[in-house]
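# Notes for the structure review
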Amino acid sequence: MREIQVSELKAAAPSLKCGEEILLTGTVYTARDAAHKRFFAALDNGDSLPIPIENAVIYYCGPTPAPEGLPIGSAGPTTSKRMDKFAPRLYDMGMVATIGKGERSDEVIDAIKRNKALYLCALGGTGAICAKAVKECTVAAYGELGCESVKILKVEKLPLFVACDTEGNCIYPKF
């Protein structure tokens, strides 16, 4: 299993293949439905995003509150398909990867291929395991959204697998 730094993910992306397991270390941002809606309202108004999108990794996650002595509660992935209407634009803006669970639309896969980006998956039901990889968690934006606020996570060896590689090869079959 390869260990990859977020800062090196863009360069490593073409060598990562569908189904490959990785351990990701570095800064990732959480954002779910409500945050994505606010991102797009800001972009449509000509405003900047509250996080840097170039080479960013967005984790579709709404972590639970942290128990005493820990940086985060459960931090499992949410269903990625709900963000499919937003993802192509963010990939086109330079986002290098998303993390979630489940299949993606053809439009998202096209954006991944076009931008030589990735879709990474964490296994559903692994929130406690994913949380162990989180070393720091701070709110970056939209704190009033609670668990759906945008957070900055410092992760160390977050276990993931490549669900869609830069060539558009995906682990999920098309029906």
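One structure accompanies this document, and this report is about it. (Residues numbered from 1 in each chain as written. Predicted model: local features only at pLDDT ≥ 70, side-chain atom pairs only at ≥ 80, totals over all residues. Heavy atoms only, no water.)

## A closer look at the nonpolar core
Here is the rule we go by: Note on terminology: a nonpolar core comprises buried Ala, Val, Leu, Ile, Met, Phe, Trp, Tyr and Cys residues joined through side-chain atoms within 4.5 Å. With a 1.4 Å probe rolled over the protein chains alone, any residue whose accessible area is under 20% of its type maximum counts as buried; one over 50% counts as exposed, and the rest are partly exposed. A contact between two residues is defined here by any heavy atoms of the two lying within 4.5 Å.
Core analysis: the largest hydrophobic core is formed by 31 residues, its most contacted members being Phe39, Ile53, Ile58, Leu90, Tyr91, Tyr119 and Val150. Leave out the neighbours within four places in its chain, and Tyr91 touches Val96, Ala97, Thr98, Val108, Ala111, Ile112, Asn115, Ala117, Leu118 and Tyr119. Counting 29 residues, the second-largest nonpolar core is a separate cluster that includes Ala13, Ala97, Val134 and Val162.

## Here's the deal with the pairing of strand S7 (residues 150–164)
Just so we agree on the cut-off: In short, DSSP must find at least two bridges between two strands for them to pair. For helices the rule is a DSSP run of H or I covering at least 4 residues; for strands it is a run of E covering at least 2, with both sets numbered from the N terminus onward.
For strand S2 (residues 21–30) and S7, the ladder comprises 9 bridges, and the chain directions are antiparallel. Its bridge partner being in S7, Gly26 is matched across the sheet by Val155. Pairing between strand S5 (residues 118–121) and S7: 3 bridges, direction antiparallel. The residue bridging Cys121 from the neighbouring strand is Phe161, located in S7. Across 6 bridges, strand S6 (residues 134–141) lies against S7 in antiparallel orientation.

## Regarding helix H2 (residues 33–44)
Put simply, the rule reads: In a helix, the anticipated span is given by 1.5 Å times the number of residues less one.
Between its terminal C-alpha atoms H2 stretches 16 Å, which fits the 16 Å expected from 12 residues at 1.5 Å a residue. Among the residues making up H2, those that are buried are Asp33, Ala35, His36, Phe39, Phe40, Ala42 and Leu43. One or two positions beyond H2, positive phi appears at Gly46, with a value near 80°.

## Considerations on the environment of Ala140
With respect to the helices and strands, the residue Ala140 is situated in strand S6. Residue Ala140 is classed as partly exposed on the basis of its relative accessible area of 29%. Distance in space between the C-alpha atoms of Ala140 and Pro50 is 7.1 Å, their sequence separation being 90 residues. Ignoring sequence-local partners within four residues, the contact set of Ala140 consists of Ile51, Val150, Lys151 and Ile152.

## Re the pairing of S2
Judged by how many residues are buried, S2 sits mostly within the fold: 8 of 10 residues are covered. Pairing of strand S1 (residues 2–5) with S2, which is carried by 4 bridges, proceeds in the parallel orientation. Bridging from a neighbouring strand, Glu3 pairs with Leu23 of S2.

## Some points on helix H4 (residues 106–115)
Basically, it comes down to this: As used here, the arc is the angular range of directions from the helix axis to the C-beta atoms.
Those residues of H4 that sit buried are Val108, Ile109, Ala111, Ile112 and Asn115. Looking down the long axis of H4, one finds its buried residues gathered within 160° of arc, a one-sided arrangement. At its buried positions, H4 is contacted by helix H1 (9–12), helix H3 (87–92), S5 and S7. Lys116, located one to two residues past H4, shows a positive phi value of around 50°.

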